Amino acid sequence: MRKLSRSSRAVSATGVVLSAALIMTACAPAGDGGGNSSIEGASGSLTAWVYSDPSGFNPALAAGVQTFQFDRLLYDTVLRLDEDGIVGGLASDWTATSASDYSFTIRDDATCSDGTPITATVVADSLKYLSDPDTGSSWSALVFGKSTPTITADDDAATVSITLSQPFASLEAGLTVAQTGIVCPAGLADLEGLQVGSVEGAFSGPYALTESNPGIGYTLTFSDGYSAWPNYSSPLEGNPAETIVYTLGSDESTTANQMLAGQIDFANYADWNTIARFDGQDDFTKTRITAYTTYIVFNQRPGHLFADNPELREAVAQSIDQEGFNTVFSQGNAELLTSIVPGTYDCASTDSSLLTAYDPAAAKKMLDGVSGVKVLGNTANVSFSNGADFVYESLTAAGANVDITKVDNSTYWTTMAAGGDDWDVTFIGDQNAAQAISASLDRSIGLAVEDNGRNFSGSVNPEGEAALDAGLATADREERCELFMTAQKSLFDRHDVVPLVGGSTVTITSAKATARQFGEDVDAATLRLVD
Amino acid sequence: MNRRAANGADVTTGASAPPLQKTTSSSPGRSPWISYALKRGGGVAATFVVAVIMTFLIVQLIPGDPAVSAAGQNANAERIEQVRQELGLADPLWTQFANYVGGLFRGDLGTSFSLNAPVSQAVFSRLPFTAGLAFLSLIVVLVVAVPLGMMVGIFTRNGRRPWLGSIFGYSTAFFSAVPAYVLATVLVLVFSVWLRVLPPAYSPGNLAAALVLPCVALSIASICAIARIVRRETAVVLEQDYMRTARGWRVSPLRMYMKYALPNLLTTTLTLSGIILIGMLGGAISVELVFNWPGLGFGIVKAVSMKDYPLIQGIVLVLAMLGALLTLLVDVILAIIDPRIRA
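Here the structure is a predicted model, which is why all the values come from computation and not from measurement. (Residues numbered from 1 in each chain as written. Chains lettered and ligands numbered in written order. Predicted model: local features only at pLDDT ≥ 70, side-chain atom pairs only at ≥ 80, totals over all residues.)

Trainee: Hey, could you go over the overall build of chain A for me, with residue numbers and the actual values?
Mentor: Counting secondary structure elements, chain A contains 17 helices and 18 strands. On C-alpha atoms alone, chain A measures out to a radius of gyration of 26 Å, which is about the 24 Å that the 2.2 N^0.38 rule sets for 531 residues. Dimensions of chain A, computed from the C-alpha atoms along their principal axes, are close to 90 × 75 × 50 Å. In chain A, once contacts between residues fewer than 6 apart in sequence are set aside, the share between residues at least 24 apart is 70%. (Helix = DSSP H or I, 4+ residues; strand = E, 2+ residues; numbered from the N terminus. Rg over C-alpha atoms; globule rule 2.2 N^0.38 Å. Contact = placed C-beta atoms within 7 Å.)

Trainee: Residues and numbers for the domain arrangement of chain B, please.
Mentor: Residues and elements named next belong to chain B. Domain annotation of chain B identifies domain 1 (45-108) and domain 2 (125-343). Computed from C-alpha coordinates alone, the two centres of domain 1 and domain 2 are separated by 37 Å. Across the contact, 11 residues belong to domain 1 and 11 residues belong to domain 2. Listing elements by their share of the side of domain 1 that touches domain 2, those giving two or more residues are helix H1 (32-60) and helix H2 (66-71). With 7 residues, H1 is the single largest residue contributor to the side of domain 1 that touches domain 2. Of the residues in the side of domain 1 that touches domain 2, the class split is 7 nonpolar, 4 polar and no charged. (Domains from an automatic or database assignment. Nonpolar A, V, L, I, M, F, W, Y, C, P; charged D, E, K, R; others polar.)

Trainee: An account of the nonpolar core is needed here, citing residue identities and associated values.
Mentor: Counting residues in hydrophobic clusters, the biggest one holds 240 residues, and the most contacted among them are Val123(A), Ile244(A), Tyr295(A), Ile296(A) and Ile315(B). A total of 16 residues in this core trace back to one element, the largest contributor, which is helix H5 (residues 119-155) of chain B. Both domain 1 (45-108) and domain 2 (125-343) of chain B contribute no fewer than three residues apiece to this core. Those residues in contact with Ile244(A), other than ones at most four positions away along the chain, are Leu46(A), Ala48(A), Leu73(A), Tyr207(A), Leu220(A) and Leu527(A). (Core = buried A, V, L, I, M, F, W, Y, C linked by C-beta atoms within 7 Å. Buried ≥ 20, exposed ≤ 12 C-beta atoms within 10 Å, placed from the backbone.)

Trainee: For the pairing of strand E17 (residues 513-518) of chain A, give the residues involved together with the corresponding values.
Mentor: All names here are of chain A. In this sheet, strand E18 (residues 521-529) lies alongside E17 in antiparallel orientation, the contact comprising 5 bridges. Of the residues in E18, the one forming a bridge with Thr514 is Arg528. In textbook terms, the turn of a hairpin is the stretch between consecutive antiparallel strands, and for E17 and E18 this stretch comprises 2 residues, one of which, Gly519, has a positive phi near 65°. (Pairing = 2+ DSSP bridges.)

Trainee: Run through the confidence of the model for chain B, naming residues and quoting values.
Mentor: Residue and element names in this part refer to chain B. Chain-level pLDDT for chain B is 81 on average; 87% of the residues reach the 70-or-more range. Across chain B, the element-wise mean pLDDT spans from 42 in strand E2 (residues 10-11) up to 93 in helix H6 (residues 162-177). Here the complex is predicted with pTM 0.80, and the ipTM for its interfaces comes to 0.72. (pLDDT = per-residue confidence, 0-100.)

Trainee: Give me the lowdown on the confidence of the model for chain A, citing residues and values where you can.
Mentor: Per-residue pLDDT for chain A averages 89, and the proportion of residues at 70 or more is 92%. Here residues 1-40 of chain A scores under 50 on pLDDT; set against residues more than four positions off or in separate chains, the count is 65 contacts.

See the structure below:
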């Protein structure tokens, strides 16, 4: 038998390596080049970016802002936000006879992605699923409050009626939230498939999920014949894209590189250094929104340092320079808050005189020598990490003996969700999906999180709680705003919260794309191609 | 001690070559390959067992509650507990481990908390990106470093052209010390942002072009390291008696270097290449983040931030097994080249 020479063996060995490499490379998924379409009203392709994969495609169980964006494109909601208020989505009209009784007339031209007509029954069934305690949706409370809803449908009249056991005036705002999107019958019949996005007929919105590669990317395709656009006060520009291709990325700087190179048309940024790269770039449109608010809260559970001690809480408020925090948090680019929500929210206080003024001398009188103050910080990003350091330094400068623990985002929310003993003071980033002040007020008023409420601080504020409940019980906007103002004042007077800054993000679109801002949200469903 | 190979060259395998040993199997009449395969296969199996135990235990040490991550910031305590039950996180640790191992034997790596997809799907959809990048980078390393090192070794033999030796030495030392993610950032700045000739990140519609910069970033340091070693080995090989003999036979320079010098360099080079490839799998993690390259490195960073235990375990296990299998592959290749290694 002829033995291989050393050189031949070496070549054989090298060939093994090369073959393996070629096989591995060939196995890498090929690209989706997109394409043009002859579908009337929709053509071309847009590429968008999200930070991570959606948590799933069941809107009732959505978690994470990237998931909300997908839900907005895939599912229509009963109502929608417009530039000057709320307009009909799947509902062409609606009435609220009280804060407990609502009736919605469903439009007759809406269909699911499999062609099933969206009737009153379809809408009612989806809302019943959302409100069912067995579903376990975190978003049900945004729509129905603490109550148990009775939802009935009349297909002949094309109406859906909602009756609440307890009044909740924020129901209309709640029904605009993408996570309350209407799931079509095919999706409700296969909840597991719905969650992974495999049910073709589940979608009620302008787009359907046609390609799903977790960790790599997703493709949404315009639903043939979709025409259920909301009747916005001003018409949308451009035409919908036939496909929207979502890519994933963990680094905003890389994403900015891709956008500047023409690879990405729609992306959201939080890092101001990256945003600055688009300054002077006329081919890009920047839309700034306050995506969340930051404010200090105290752990007021029995036995904690700040429980039953409003003077000490006031001292902390006096030690924090809001403008200094803004510099550290966002290089001075964020909105200084006058309440726990942006000033643009309905019923939000815009009176800065209600807040505790920065007074380091007064702060030092109370805080000097106070020991064992536990600050909890979130390292979700550079801004939050810097903000935690600022709070720590401010309290230390006031003479307090402070221990700071900085943890990653997941650990942070684990700690906050548990109530717990591991912290005394922190600043939270509050994302208010419904853009309703009540959804932020109950972060500091009412039942504590460990008691199935939403109050992170565990404070007991009877005046605030009564005002919040009364505000949610009235359909009269003026009365509601008075009551919500009372609730806000109670928070400021008790020093339960220290408003800091609005967390701004900037949505950037390329020259060939446009999207509309409603309130503090850029609506992904308005993303369109322009000439 | 030299022996004459089939091509007439004296066989030497460089400074690190093991002493010549009689090639016999432990059992008379038994192929040495069987013993070798059994020994190496046992090592891989042991690696698998250790990797399974370590990956399960390590993720338990990560602080934070994955049920909170999965349920989201707006979830109340009841919902979080519901999610905890659904994900099996409320079970005792030993039950979770038994379920995990049982799933592995069925080929089931579990379900990702954050992706709501089977871990096997998530891992094996990403694997070609990482492995392809690492393998292609290795090919680039071999194709560039070996000829480069040989050429410099030949041109600087016996102290000739000292300026070339200095330039080569300093530049390779510099580039082998620069971290891959730093190089990656510079490459993106130059070729994507300023010159706009290559994509700055993964581009599904232009995969070949998008592969260039990550490949270069990942391979430069290894090219420098390998080239330095090949240069030194070349200098040693060129002084061997069989090379003088070849020169005396008036063999053409190209034939002399390709047929007599190169094979004697390859054993050391291939040994190092296996180690470098395994290192590249780790280096690919940082490069993937710079280029939004959807490979395992990108995936594990996301999985850790989401406390996605099954996905973390799946990716780490696959990477560990990949490393073990690559080591096995390198050993097999070396055994093909040099039968003495099978002894």
